[in-house]
Amino acid sequence: MNARFYIRLSATFGALALSLGLLAGPAAADPTPGQFRPVVGVGSEVTQDVNNAIAEAFLAPDGAPYIASYNATGSAVIQTRPTGCVLPRPNGSAAGITALRNAPDCIDFVRSTQGPINQSGSSLTWIPVATTADTFAVRKDSPLPRALTTVQLNAIYNCSLRVLSGTVLTPKLPKPGSEARAAWLGALGLTEANLGACVQGTTEPDDISALTRAGDIMPFSISRYIAQGPLPDPWNVVALGSLNGVAPIVQSNFNTAFPTTRSVYQVVPTAKAA
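Residues numbered from 1 in each chain as written. Predicted model: local features only at pLDDT ≥ 70, side-chain atom pairs only at ≥ 80, totals over all residues. Heavy atoms only, no water.

Here we look at the confidence of the model for the protein chain
For step 1, the next point in the chain: Overall, the prediction assigns the protein chain a mean pLDDT of 84, with 84% of residues at 70 or greater.
For step 2, the next point in the chain: Note on residues 15-25: pLDDT under 50 across the span, and 32 contacts to partners over four residues away in sequence or across chains. (pLDDT = per-residue confidence, 0-100. Contact = heavy atoms within 4.5 Å.)

Take a look at the structure:
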């Protein structure tokens, strides 16, 4: 197996896994420190669980792991090759793309929810692999409704709607600059400029530790939720909501009719994409 084969593989199997929830349970594909794998990926946390599972499932002919799909968070630095290639861990699509541009000998692909940037004549190629979407999440023990509209969520995040079901709302967002934050605001017709003062930040996208109170509400990746596996809920506290009358999951599968869908990509050196 080489980098080109993995890229083609992830474009097919990854799409099925994200769309149908074929992967049961998370897999950690960071190699043990001091161990190295021929194909290296970094980037977005949204598709890291799918890529981790692919990495753990497909082995070299001798049975050794072949692909390292480093998580978005973890140790401050990673080393991807036996010699050199000590890099700050890329956290998110933009950081991964920057790392690939700066150290193309150290990284083979980037998991990205960020679309093509200056692709004409670029040394990088964006390969669409799947469709994902975000919905709102609340605590399972919260009295907040499990069905909202984008109009209601717009009002929640501009802080003109402060109470639902007798509960004071605390809307939360991923950190500024993250693709998940930008995508959620765009889906609600909002910008950073018209966010309300009641909105609080979370450290990372899908940070369930932020769901501490009954009124907490935050965006959550549907595909990442599914990729964690079947019931019982591996997230323990998370309840996903329907949006505009559309359920996020149908018969354990990602609902491709969901209104906030967006593409996800593998970004690769153009020379390896052929």
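Here we look at the pattern of salt bridges
For step 1, the next point in the chain: Scanning all chains against the criterion turns up eight salt bridges.
For step 2, the next point in the chain: One salt bridge connects Asp108 with Arg81, and the closest N-O pair in it is separated by 3.2 Å. With Asp108 in the loop between α3 (93-102) and β5 (109-112) and Arg81 in the loop between β3 (77-79) and β4 (86-88), the pair connects residues that are 27 residues apart, well separated along the chain.
For step 3, the next point in the chain: Notably, a salt bridge pairs Arg262 with Asp134, separated by 2.9 Å at the nearest N-O pair. (Salt bridge = Lys/Arg side-chain N within 4 Å of Asp/Glu carboxyl O. Helix = DSSP H or I, 4+ residues; strand = E, 2+ residues; numbered from the N terminus.)

Some remarks on the state of the cysteines
For step 1, the next point in the chain: Under the definition given, this model contains two disulfides.
For step 2, the next point in the chain: The disulfide partner of Cys85 is Cys106, and the gap between their sulfur atoms is 2.1 Å. Of note, the bridge from Cys85 to Cys106 carries an S-S torsion of about -80 degrees and is left-handed in sense. Of the two residues, Cys85 sits in the loop between β3 and β4 while Cys106 sits in the loop between α3 and β5, which places them 21 residues apart along the sequence. Taken as a pair, Cys85 and Cys106 share a single burial class, namely buried.
For step 3, the next point in the chain: With a sulfur-sulfur separation of 1.9 Å, Cys159 is cross-linked through a disulfide to Cys198. Looking down the S-S bond of the Cys159 and Cys198 bridge, the torsion is -95 degrees, so its handedness is left-handed. Here Cys159 is found in the loop between α4 (150-157) and β9 (163-164), whereas its partner Cys198 is found in the loop between α5 (179-187) and β12 (200-201), with 39 residues between them in sequence. The exposure classification of Cys159 matches that of Cys198, with both residues buried.
For step 4, the next point in the chain: Once the disulfide-bonded cysteines of the protein chain are ranked by sequence position, their pairing pattern turns out to be 1-2, 3-4. (Disulfide = S-S within 2.5 Å. Buried < 20%, exposed > 50% of the residue type's maximum accessible area, 1.4 Å probe, protein only.)

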